[in-house]
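Per-entry structural report
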Amino acid sequence: MVVLCRNLSRVYRTEAVPVHALTSVDIDIAAGEFVSLSGPSGSGKSTLLNLIGGLDRANEGEVIVDGVALTGLNEAQLADLRLTKIGFVFQAYNLIPVLSARENVEFIMQLQGVAARERRIRALAILDSLGIADLANRRPGELSGGQQQRVAVARAVVTEPKLLLADEPSANLDSTTTENLLELLRRINVERGVTIVTATHDPIVMRYARRRVRLKDGRIVADELVDEEIAAEPA
Amino acid sequence: MRELTAAGIVATPSMPLGRAGPFLIAAISWRNLWRNRLRTGLSAGGIAFAVMLILAARSAQVSGMATMLDNATRMVTGHVQIQNSAYRDDPALRNVISDATAVAHALAQVPDVTAVAQRAVTFALVSVGDRSYGAQVMGVDPDREREISSLPDMLIEGHYLEQPTDAVVGSLMARNLGAKLGDEVVILGSMLDGGVAAMSLRIAGIVDTGTEDLDRALIQVQLGALQDAFGLGDRVHMVIARVDDFTQVGSVVPGIESAMAPFGSNLTTLSWQRLLPELTQSVELKAVSSAVMFGLIVLLVTFSVFNSFMMTVFERTREFGMLLAIGMRPNGIIGVLQLEAVWLAAFGASIGIAVGGALIALLGHVGIPLGEMAGGMLRRYHLSDRIYPELDVGTLILAPLLMLCATQLAALIPALRIRTLAPVDALRAAA
Amino acid sequence: MPLTLLARLGWRNLWRYRRRNLMLFMAILVAVAGCVLVSALIRGYQYDMMADAVANLTGNLKVMAPGYRADPSIAHGFNLDPAFRPDIPADELIGWTQRVRVPAVMLSERETRGISLIGIEPKDERTISFLGSVEIRGDGLVDRDDGRILLGVELARQLQTAVGRRVVIITQGADGLNREAGYRVAGLYDAAGTAIEKAYAFTGLRPLQKLLGTGAITEVSVRLRDDRFSVLADSRLAREFDGLDVLNWRQLEPQAAAMFELADAAILIWFVILMLALAFGLINTLITAVLERVREFGMLRALGMRPGSVVVQVVMESVSIVMAGLVGGITIGWGLIVYFADGIDLSRWSAGIELAGLRSRLVPHLLWSDVVAVSAMALALGLLASAYPAWRAVRIKPLDALRR
């Protein structure tokens, strides 16, 4: 198991009323799965994703990622975990504006201390394999939304993480671009064995996920595996 | 709509935004300032710092200068002197003022002149026992002298001139001559007509002015006695006037000059500024160098305010786009920004004045100790060893005004970009 | 977290907000250039003051009899061994001389004046005092036996005398009785109308000693290559002249010394003030830079960047812009100093500057220690100003930033 969650609860204390974002959630995710977490606004899908990624701490329950329990870790250790084991693709603001695409990809490896030559080779390789090698020297400001997301995926994947978490990756994209992006993710999932978990309300995204988990009001209400064939066909 | 109310504007269909009332604009602009408390606080802080510094430093400086000038003029030169026009360049015995009594009388009639005294001065050899020194011998009228000079108050021994045979000497001169109170002193010089002038006197008093140059070379005798011994008759070398307010002496001089006109063209009227050029120029020099320094500080603070407004304008681009879209004129928006600048300057300057004023009040009470270090330098500048600064009204008005203008300019340049803003682009800009 | 990466990020982020960082850069440049120029001008004043004090017959060190300062007459003289040489290494010494200086009355045909009459060794004076550099109309004194007199131009004017004419000197001799002698005016020296010119008259050492009826002198004056040598030289002379006073220029000219010390304090105060004035704008810009990049910082934290690295990034941005401004400011300041190398003309205030001890041209004098001081202060400012912004940046939690 790449991800193990037991009895996960998250409550936000606001001024008025405590918000129960997640209540007693259990979920296991195996290596190589492509999972979508979906549900209406406020269902807790993003919260669950953030907890898995170590960006947030649960009030109750446990999260274990690749054998490591997150609850006992301090900020620095969580940061290291995010750096080495988990890749992130956010809805927006994925890239560092002042670095080029290649440099953004290299950046994550620099954080890990990879040597310059190797960094460069790997960065260019990943960009190439995702079909965006020609964008290598452009800055985010010079890229379209879809291109930015592809670079973000390249950056998320170049460190060969166990887990890729994507929070509403298609929110700012049109449907064709979304299809292209998701195709990319599927390839990574199948060819490199990267476990992917996405939080989304976009049906196109959900279609690519073989395991669809639905949440409502902070609880899992559905968790179904879908047939490989159906997933590959466009709607 | 939310942004409208955030900006403090509530629009009703009947009120065209382009012409919102002055109080509303004032309130809006004030509140706008505080949307970003930290930034406004820092900008205001910079302005306050500049104003406080300029106010406190300049007040202390001006007070120091004023004390210096007051002491210096009180010591010897007086506020205005009438002299023979040749005397200044050539202070020789023969360059006299004739009809001295009449001149003194006429001078006393001039409005704002509060006291008049006459002096005759000559260089002579002063001997006590077998020691002698060259010195400036000054013949004075003791009663008049007390009115215009602080010297008679600086006696450390004995008394001021009472008898025609009395002499008052400076402390250093007494020491150098090895003389004590009561010793006989002989003065030898040349008479007006060339003969030998001799006076035999007793030391009646010793003064300590604190100024080495004076203490070493000063000896005063009665005017009449000097005039007799040196064959001067009624003549003197200077007639000195004291005026009400020595800083305004320039306004009294014309009156004095016309009063002196009947006495012929060989008399000249000299104000203390001309008599003490080294002090006058010191004041000017200080003023110039201070202006440069303060100017630099104002410039730096203005940079900060400029940057502040530049950032603000950029951040509010969407808001401006919205205002333009709903019908506000660009100049109206610029007006609001300029008003924000006014509020900022006023706020900052008020703090600066409060702190600076408090500082001056405190120092004015306690005094600024000029310290051991300054020592002899003080004497040279005629300062006592503590100065008690007062608030300088000129700077009080000028410094805030200067910051106000600078702030207006600093805000205007970024604000002008609003003129070229197209509403539709602005609305799409990043918030 | 590799420093080069952070440095690169910091540098590029500076360019991202070109306009406002340019403003900040210019502000720092102006402040630093101002500091450099002001310090150089004040130093120029300070060093001129010392140079003048030293050259105006004070020297770096003087030996006198106790009591001479209060009563500068021949009664307080002392005898000097003709074989005397000061125990000071040759590379520290510019020169030395002996003098007799007494107050006297000088009478011309028309006028009388009180003066200071100084018997000198003309050859020595040329090396060590202002007499070596002033313009002389007529003849200078030839040697220590020259019985003529050298007056200031201004004094001559007041006495209405001229080269070749005679003056009479009355002064008190060693026995306490007045002496009188006639002198021919050999020449007039032009010291720009200063107080010296009106008061100092020079003649040969021997004739004056003869007039006074003594072989004694009133002072030995020593001129060193650098004033810093005076401490050691002082103690050496004190040993050689046991019982006499050895005084340095600061003791002899306390006003000048006071001004000198004041200058150091003044420079420091101005540095602090200008840096403070700069601080407001610097903090403002840095804070804005952090707050508008909350999302970016959050994202970096989410990716795994440590909180400490965020701090380093903010500090680096602050320090790099300060350094840029520093380099620019020092360059401009130095350029201005070169431009004003001939000095700033102050002759408009000729009387005032004399009181203050200035010369009629204020020549700036750049001390590298001052430049170092400005740099240190600017860097300290950069660090301190980034403290609050960095603290704000650290507090950005990845989650909060992303959720916005």
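Residues numbered from 1 in each chain as written. Chains lettered and ligands numbered in written order. Predicted model: local features only at pLDDT ≥ 70, side-chain atom pairs only at ≥ 80, totals over all residues. Heavy atoms only, no water.

Some words on the interface of chain B and chain C
- With 52 residues of chain B at the interface, the matching set in chain C holds 58 residues.
- The tally of links between chain B and chain C comes to zero salt bridges.
- For the pair chain B and chain C, the interface holds six residue pairs in polar contact (both at pLDDT 80 or more).
- Elements with a contribution of two residues or more to the side of chain B that touches chain C: helix 3 (37-77), strand 2 (113-128), strand 3 (131-140), helix 6 (171-177), helix 11 (277-315) and helix 14 (371-380) of chain B.
- A total of 23 residues in the side of chain B that touches chain C trace back to one element, the largest contributor, which is helix 11 of chain B.
- Across the side of chain B that touches chain C, the residue classes tally to 28 nonpolar, twelve polar and twelve charged. (Contact = heavy atoms within 4.5 Å. Salt bridge = Lys/Arg side-chain N within 4 Å of Asp/Glu carboxyl O. Polar contact = N/O pair within 3.5 Å; in protein donor to acceptor, adjacent residues only side chain to side chain. Helix = DSSP H or I, 4+ residues; strand = E, 2+ residues; numbered from the N terminus. Nonpolar A, V, L, I, M, F, W, Y, C, P; charged D, E, K, R; others polar.)

Quick look at the packing of aromatic side chains
All names here are of chain C.
- Applying the stated criterion to the full structure yields 20 aromatic pairs over all chains.
- Ring plane angle 65° and centroid distance 5.7 Å describe the contact between Tyr 189 and Phe 202, whose orientation is recorded as edge-to-face. Separated by 13 residues along the polypeptide, Tyr 189 in strand 7 (residues 178-190) and Phe 202 in strand 8 (residues 200-204) bring together distant segments of the chain. Phe 202 shares its class with Tyr 189; the two are buried.
- Seen from the ring of Tyr 17, Arg 20 lies directly overhead, with NZ or CZ sitting 4.2 Å from the centre. (Phe/Tyr/Trp six-rings, centres within 6.5 Å; stacked < 30°, edge-to-face > 60°. Buried < 20%, exposed > 50% of the residue type's maximum accessible area, 1.4 Å probe, protein only. Lys NZ or Arg CZ within 6 Å of the ring centre and 35° of its normal.)

What about the sheet that holds strand 8 (residues 195-199) of chain A?
Residues and elements named next belong to chain A.
- Read from one edge of the open sheet, six strands run 6-7-8-3-9-10, paired in mixed fashion. Two strands close off the open sheet at either side, each with one partner strand: strand 6 (86-89) and strand 10 (219-225). Here the average twist between neighbouring strands, direction ignored, is 15°.
- Pairing analysis gives four bridges linking strand 3 (residues 34-38) to strand 8, with the strands arranged parallel. Bridge pairing links Leu 37 to Ala 199 in strand 8.
- On the sheet, helix 6 (residues 175-192) packs against strand 3, strand 7 (163-167) and strand 8 and is oriented at approximately 135° with respect to strand 3. (Pairing = 2+ DSSP bridges. Axes fitted to C-alpha atoms, helices over the stretch in contact; angles between N-to-C directions.)

Brief notes about the interface of chain A and chain C
- On the chain C side, the residues contacting the 27 residues of chain A number 22 residues.
- Area buried by chain A at its contact with chain C is led by Tyr93(A), Val98(A) and Gln110(A), which between them contribute 23% of it.
- A salt bridge links Glu103(A) to Arg12(C), with the nearest nitrogen and oxygen atoms 2.7 Å apart.
- Seen at the junction of chain A and chain C, the total is five residue pairs in polar contact (both at pLDDT 80 or more).
- Among the elements of the structure, helix 2 (75-84) and helix 3 (101-112) of chain A are those that each provide at least two residues to the side of chain A that touches chain C. (Buried area = accessible area lost by both parts, 1.4 Å probe.)

With respect to the packing of helix 3 of chain B against helix 9 (residues 254-291) of chain C
- Following both chains from N to C, one finds helix 3 of chain B and helix 9 of chain C inclined at 170°, their axes separated by 9 Å at the closest point. Taken as axis vectors, helix 3 of chain B and helix 9 of chain C run roughly antiparallel relative to one another. Where helix 3 of chain B abuts helix 9 of chain C, its residues Leu38(B), Arg39(B), Leu42(B), Ser43(B), Gly45(B), Gly46(B), Phe49(B) and Leu53(B) lie against Ile273(C), Leu276(C), Ala277(C), Phe280(C), Ile283(C), Asn284(C), Ile287(C) and Thr288(C). (Parallel < 35°, antiparallel > 145°, perpendicular 65-115°, else oblique.)

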